[in-house]
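Residue-level structure breakdown
Single-letter residue listing:
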There are 6 protein chains.
Amino acid sequence: MKILVINPNISESVSTLIQAEAQRSASPGTEIAVATAPFGVAYIETRFEALVGAYATACVAAERHGSYDGVVVAAFGDPGLQGIKELIDVPVVGLTESSLMTAATLGQRFSIIAISPRIKAWYRETVERSHLVSRLASIRALEEPLRDIGSVQQDYAERLKALCNEVVEVDGADVIIIAGAPLAGLAREIRGELSVPVVDGVSSAIAQLEGLIRLSPKKATKGSFAAPPVKPNQGLPEPLARLLNRRSPG
Amino acid sequence: MKILVINPNISESVSTLIQAEAQRSASPGTEIAVATAPFGVAYIETRFEALVGAYATACVAAERHGSYDGVVVAAFGDPGLQGIKELIDVPVVGLTESSLMTAATLGQRFSIIAISPRIKAWYRETVERSHLVSRLASIRALEEPLRDIGSVQQDYAERLKALCNEVVEVDGADVIIIAGAPLAGLAREIRGELSVPVVDGVSSAIAQLEGLIRLSPKKATKGSFAAPPVKPNQGLPEPLARLLNRRSPG
Amino acid sequence: MKILVINPNISESVSTLIQAEAQRSASPGTEIAVATAPFGVAYIETRFEALVGAYATACVAAERHGSYDGVVVAAFGDPGLQGIKELIDVPVVGLTESSLMTAATLGQRFSIIAISPRIKAWYRETVERSHLVSRLASIRALEEPLRDIGSVQQDYAERLKALCNEVVEVDGADVIIIAGAPLAGLAREIRGELSVPVVDGVSSAIAQLEGLIRLSPKKATKGSFAAPPVKPNQGLPEPLARLLNRRSPG
Amino acid sequence: MKILVINPNISESVSTLIQAEAQRSASPGTEIAVATAPFGVAYIETRFEALVGAYATACVAAERHGSYDGVVVAAFGDPGLQGIKELIDVPVVGLTESSLMTAATLGQRFSIIAISPRIKAWYRETVERSHLVSRLASIRALEEPLRDIGSVQQDYAERLKALCNEVVEVDGADVIIIAGAPLAGLAREIRGELSVPVVDGVSSAIAQLEGLIRLSPKKATKGSFAAPPVKPNQGLPEPLARLLNRRSPG
Amino acid sequence: MKILVINPNISESVSTLIQAEAQRSASPGTEIAVATAPFGVAYIETRFEALVGAYATACVAAERHGSYDGVVVAAFGDPGLQGIKELIDVPVVGLTESSLMTAATLGQRFSIIAISPRIKAWYRETVERSHLVSRLASIRALEEPLRDIGSVQQDYAERLKALCNEVVEVDGADVIIIAGAPLAGLAREIRGELSVPVVDGVSSAIAQLEGLIRLSPKKATKGSFAAPPVKPNQGLPEPLARLLNRRSPG
Amino acid sequence: MKILVINPNISESVSTLIQAEAQRSASPGTEIAVATAPFGVAYIETRFEALVGAYATACVAAERHGSYDGVVVAAFGDPGLQGIKELIDVPVVGLTESSLMTAATLGQRFSIIAISPRIKAWYRETVERSHLVSRLASIRALEEPLRDIGSVQQDYAERLKALCNEVVEVDGADVIIIAGAPLAGLAREIRGELSVPVVDGVSSAIAQLEGLIRLSPKKATKGSFAAPPVKPNQGLPEPLARLLNRRSPG
């Protein structure tokens, strides 16, 4: 089973964190490839940055098409996820969607721990898109500007643990989601110190995607996740155009 | 990895269907044990029957405690699921919850195909409990009284396929959930003939549960899924009482 | 008019409180009988405890069937209420449902005062099941472990009054619901000291049930509150089995 | 116990229907007085007509203040209900609110049968104001222009029964609400012929109001149902002005 | 283009504030006429006061009918707005509705700044009627009793600015709505000192109404905003009765 | 006042329709410039196509930055709208958002008429993002494959009018939104033949945007619509990078 993990951001240091946690959580026999967006920003906090990351991720998914059995969109907020599901004929998962599904199975209400205040609105809207916002107990975030996107976990370990405790004690969370690829792997390290289950985006996504690939669902040929109808297009990267120009088999 | 699958109903013929689909979908190395409720009704269609099935399932889960790494509550509607999650210290999943999570990953709106009209209200309320009802395109059901709960798939194959097509064409479903343990395995057989992904409760539950066990989330010691507080009880089956009388380690 | 009030818990001291408030609020000519669950826990705070209480309540309701014109499920959270409504051919009410309906008539937003922090999640989910959660201003609870379930009112009178004031001043409640059978009757005692109407579960339930019995609604023979369809069952207490085996007249 | 029932419309023939059903459903010892709006329209189908009926009803409630222990606003849609609750220091109920509360106790989903298509939007918005719209299975209405507002029941008996059956069979209603004062009493006559409980606005309102008066809730002195703050006013009928000019005792 | 702005309250000092801001925001060529309610209260904080204001506003709109191309209901909470839209054949807007639409275009979540705590419930319900309450970040209000309704802006300028900052910093608002006709024009004065866009009811209403008049939408002849059906009425002011007695052209 | 209207699709024929309707609806003194996306697809029906259109639109908005006082994103579904609002320091509106706001002012429930069945899911999700989906009566669409995107109005005039009547008569819409830039101007032509107000995306957007520009709201320097924080980026078109690299003045 081959999984392509796409980092929608340009930060190689974050790709390294993602890769490590993806490897740790993959089943034996699963091959993980990580790709970094060729254009975009260092990390996504806003709707605009997500818009750019969505397009960059789609370009990577198209370029590597044929080399994988499933795709992980590896930024919280899932830039482009629903669109890429239409485009691609194998399962596609995102960090937020996978975390929400895992958290929803482990408890009724969950909170999200995030790396910056600015990111909270975008995360909230991502949860709204899943229609699970009424199960969101809270989003709490680091307040200070980040020193370095590649070392957030080390730099803010104590504050992150404190936030985890606050969402349980104050906000009533049954489950904690530690959000954002820069925090990949943190859940694994601190879960012994916390009083409720803690969910990590990357490992949830790998687990969910492995499960989906094993269930081998059919690619939709009708409904809103069928491939986009063939129609004139122009100016797109060749791999994207090629996928769009395929006649659906359905 | 040992998984206990509990049929909340008394029908051995349905347990046999569940067992077969669970085995087919389990990963190598996963051991499946299926238990049938010692008391209750032939199949659950109503809130009252679910109330009985919930208690029967809890009794089985308590009795077998220590022999498994995770539990599947194997009736659609998930009788007792959230309560049993409190009681048990390993992951517990239900057919509806797992199907919803799988469907929510494969598309935005889903429909449920069910075996009787009476069952629709109870299913709808189960979806409401997950807060995903605004993504439910429809529930459609067989209208005739069932000839035999163990042979529903054979007896109504054509009608079930027709219902699947209606939810796509008329109701706008992106994904179909074939609901109810008596239909376990049907999705696998007819998915080639359908135009959107089709989700089966048993195989989704096994996939989700294997993933969860691998993520090995901590049992909550705080929040609403911690074990119930120790307090006086009486008249309960001994295995249940024993679990309730444990002091939580947290 | 004969009303059976079932305490879903095993605490006789709580049954005594319930009985006293039920008598005080009943109309002349109403006979009140109180029954205590023969098995279960001392008081219900969690989903699992509610699951046990639901089955115990159903057993009592079936055993006494024929001796009453209506039933009160006398624990907040209404364990088994909707299922028992299917089973029984006379009106059935619960403390939470009755309190919510009364509160919804007295104001637009209401708060719940509860006896322990753990109980809040279960209460919230009960309100969700009524679809009135968007009118719930807050749930506030005693924080300390209870000294004695039979003397909560005396032990925490001042704290309970303070919580009542907080939900008005801070949370914007128009109405206060004092929740839980152990607090039965407290509303009557302190209402003169509060600035908004205060609702008690037991007296609301008696008032609502008397009204319903007088309206004498027909038992449903169709829809999701008709009696469960007759089908094989096994291992159930004889009174339950007898009710399930009845052919509906409809 | 003295109850004032206010017909927000100018139709004396409808007041007569209301009076008859109110008398039939009142407990022994309850005195019913019915008042007809001194200005307004023949029957309320629209938001504008409700606006007029609200003011007329408030004027009557103020004029008769002191002569009753509780008020029924006796038009479906409850014109002015929430405002009048602020103004008056005894319980006030409305036909829709009472019907919804009764229906919500008898089942999970309910439908409304109405006398004209135009009325459906206004009824729907009334249900939205109670936050119970997600439990509304449907609103179905007579399609033809009414021959005479005082004889709707006789003129359309068969069609009304057919609508009742449709909401059960097609829309999945557990309970039927027969809406509108011109249909007062119809539920009582046809309930034997229907397959689910049927709720009548007038009798529900009387039952709810009697229960509330017996519970004797305190008039709010804080929160959003306290009397409006004393402030300058002009041009109002003297009884209204007098009530507004009272200093709250709170 | 002639716009009639109706102050639903009796305060001439507030009408003066409204007039000034309406003039400042109108396009060249737009004529503004302001009318003050002939009866009612000094300012509207409650549902009851809104009920009175609704009727008073309707009377003014009817009396001046034929002299305007559009109407502004110039109190926050929009008393009578939806009903008056049925009655009148040209566009009608309200301060709250216009502010919400403007705010919804400028950001995703908005907060409301209000002049008294009592007013918050009524404002919240107004936002609920628009179905935008899930985008409402908060309502914050002056806590002290107002010295003079005509000089709120001067008397509480600093406190109002502080509230504006709190809704951004604490509640996460993207946009601030300064609510209530007594604050008309304040947004214009302080917007340079705030960190997010700030919306004023009067200027939003004028801008929205000018836009609508230019789009010249057809008056509905079907649906729930057609004129109320012609039917008997009595006791109404002659201009109201005349409008109600018109045969719709549709 | 200079308005840039960006067609997110590559179809020049659609840009011509947009331009014509924009000109017709603009106030005297408003200058309209229309730009066509330099890359993408012929028309947007799916989430993936919207993802591409979002990026293309952002590139155009950045490239022309400084030449306009406001931007219209001129495809239904508003590709990239919320992200572009962050990026740009003048008002930005979209066809769907503007239509929804206009429709919400003209009535309570509205329906959308669309050009293809596939487009319905994407439109529905766009309405969900505005939180107004509970006011959406229906979406109805042409069923046949389009002959030519530039002549939809001529080719399907009768069918489109029939759909308009269906949403009023069957679905209960108070207002009709004719959706999609290829239908720009149709509302203007057929409104005389319809029984409720009909809203056109382009003219609504122009009216809303003119109003917003006149209100001259401040660009947010805090909250989730402030410019994205300055951070490393790479591989972006120079105008985009330049905007992202600006230090916010706030």
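Residues numbered from 1 in each chain as written. Chains lettered and ligands numbered in written order. Predicted model: local features only at pLDDT ≥ 70, side-chain atom pairs only at ≥ 80, totals over all residues. Heavy atoms only, no water.

**Focus: the side chain of Lys85(C)**
In this fold, Lys85(C) is placed in helix 3 (residues 81–87). Within the structure, Lys85(C) has its side chain in polar contact with the side chain of Glu97(C) (distance 2.8 Å). Once residues lying within four places of it in the same chain are set aside, the contact partners of Lys85(C) are Val92(C), Glu97(C), Lys219(C), Phe225(C), Ala104(D) and Thr105(D). (Helix = DSSP H or I, 4+ residues; strand = E, 2+ residues; numbered from the N terminus. Polar contact = N/O pair within 3.5 Å; in protein donor to acceptor, adjacent residues only side chain to side chain. Contact = heavy atoms within 4.5 Å.)

**A few points about the relation of the copies chain E and chain A**
If you rotate chain E by 120° and push it 0.0 Å along the axis, it lands on chain A with an RMSD of 0.0 Å. The superposition of one copy onto the other is thereby described by a three-fold rotation axis. Distance from the rotation axis, computed per C-alpha, reaches its smallest value in chain E at Ser134(E): 5.9 Å. (Least-squares fit on C-alpha atoms with pLDDT ≥ 70 in both.)

**Things to note about the relation of the copies chain B and chain C**
Mapping chain B onto chain C calls for a screw motion: a turn of 180° about the axis and a shift of 0.0 Å along it, with 0.0 Å RMSD after fitting. This pairing of chains is accounted for by a two-fold axis. In this assembly, 100% of the residues forming the interface of chain B have copies in chain C that are likewise at the interface, indicating an isologous arrangement.

**Some details on the packing of aromatic side chains**
Applying the stated criterion to the full structure yields 27 aromatic pairs over all chains. Ring centres of Phe39(D) and Tyr55(D) lie 6.1 Å apart, and the angle between their planes is 55°; on these two criteria the pair is classed as tilted. Pair noted here: Phe39(D) is in the loop between strand 2 (31–36) and strand 3 (40–41) and Tyr55(D) is in helix 2 (residues 47–63), with a separation of 16 residues, a long-range link. Across the pair, exposure class does not vary: Phe39(D) and Tyr55(D) are buried alike. Three or more aromatic residues link up through ring pairs in this structure, and these residues are Phe39(A), Tyr55(A), Phe39(F) and Tyr55(F). One residue, Arg47(B), lies across the ring of Phe225(C), its end atom 3.9 Å from the ring centre. (Phe/Tyr/Trp six-rings, centres within 6.5 Å; stacked < 30°, edge-to-face > 60°. Buried < 20%, exposed > 50% of the residue type's maximum accessible area, 1.4 Å probe, protein only. Lys NZ or Arg CZ within 6 Å of the ring centre and 35° of its normal.)

**What about the interface of chain E and chain A?**
In this assembly, 4 residues from chain E lie in contact with 4 residues from chain A. Taking both partners together, chain E and chain A bury about 230 Å²; carbon and sulfur atoms supply 33% of that area. Taken together, chain E and chain A are joined by 0 residue pairs in polar contact (both at pLDDT 80 or more). Partitioning the side of chain E that touches chain A into residue classes produces no nonpolar, 2 polar and 2 charged. (Buried area = accessible area lost by both parts, 1.4 Å probe. Nonpolar A, V, L, I, M, F, W, Y, C, P; charged D, E, K, R; others polar.)

**Concerning the packing of helix 2 (residues 47–63) of chain A against helix 2 (residues 47–63) of chain F**
Two elements in contact, helix 2 of chain A and helix 2 of chain F, have axes whose closest approach is 9 Å; the angle formed by their N-to-C orientations is 120°. On the basis of their axis angle, the class for helix 2 of chain A and helix 2 of chain F is oblique. Where helix 2 of chain A crosses over helix 2 of chain F, the handedness of that crossing is left-handed. Touching Phe48(A), Leu51(A), Val52(A), Ala54(A), Tyr55(A) and Ala58(A) of helix 2 of chain A are Phe48(F), Leu51(F), Val52(F), Ala54(F), Tyr55(F) and Ala58(F), all from helix 2 of chain F. Looking at side-chain class alone, the contact of helix 2 of chain A with helix 2 of chain F contains 12 nonpolar, no polar and no charged residues. (Axes fitted to C-alpha atoms, helices over the stretch in contact; angles between N-to-C directions. Parallel < 35°, antiparallel > 145°, perpendicular 65-115°, else oblique. Left-handed = near helix turned anticlockwise from the far one by under 90°.)

**Quick notes on the interface of chain B and chain C**
Counting residues at the interface gives 44 residues for chain B and 44 residues for chain C. Of the roughly 3400 Å² buried at the junction of chain B and chain C (both faces included), carbon and sulfur atoms supply 63%. Broken down residue by residue, the surface that chain B buries against chain C is led by Arg47(B), Phe48(B) and Arg118(B), which jointly contribute 20%. There are 8 salt bridges connecting chain B and chain C. Residues Lys231(B) and Glu49(C) are paired through a salt bridge, measuring 2.9 Å at the closest nitrogen-oxygen approach. The tally of links between chain B and chain C comes to 28 residue pairs in polar contact (both at pLDDT 80 or more). Looking at the side of chain B that touches chain C, the elements that each hand over two or more residues are strand 3 (40–41), helix 2 (47–63), helix 3 (81–87), helix 5 (119–129), strand 10 (233–234) and helix 10 (238–245) of chain B. A per-element tally of the side of chain B that touches chain C places helix 2 of chain B first, with 8 residues. Residue classes in the side of chain B that touches chain C are distributed as 25 nonpolar, 11 polar and 8 charged. (Salt bridge = Lys/Arg side-chain N within 4 Å of Asp/Glu carboxyl O.)

**Overview of the pattern of salt bridges**
Scanning all chains against the criterion turns up 109 salt bridges over all chains. Its salt-bridge partner being Glu128(C), residue Arg124(C) comes within 3.7 Å of it at the nearest N-O pair. Highlighted residues: Arg124(C) and Glu128(C), both in helix 5 (residues 119–129), separated by 4 residues, approximately one helical turn. With a shortest N-O distance of 2.6 Å, Arg47(F) and Glu125(F) are connected by a salt bridge. Separated by 78 residues along the polypeptide, Arg47(F) in helix 2 and Glu125(F) in helix 5 (residues 119–130) bring together distant segments of the chain. Residue class for Arg47(F) comes out buried when judged on its relative accessible area of 8%. Each of the salt bridges in this network shares a partner with another, and the network as a whole consists of Arg47(A), Arg118(A), Glu125(A) and Glu86(F).

**Topic: the environment of Thr16(C)**
All names here are of chain C. Inspection of the secondary structure assignment puts Thr 16 in helix 1 (residues 12–25). Residue classification places Thr 16 among the exposed positions, given a relative accessible area of 53%. Between the C-alpha atom of Thr 16 and that of Ile 149, which follows or precedes it by 133 residues, the distance is 12 Å.

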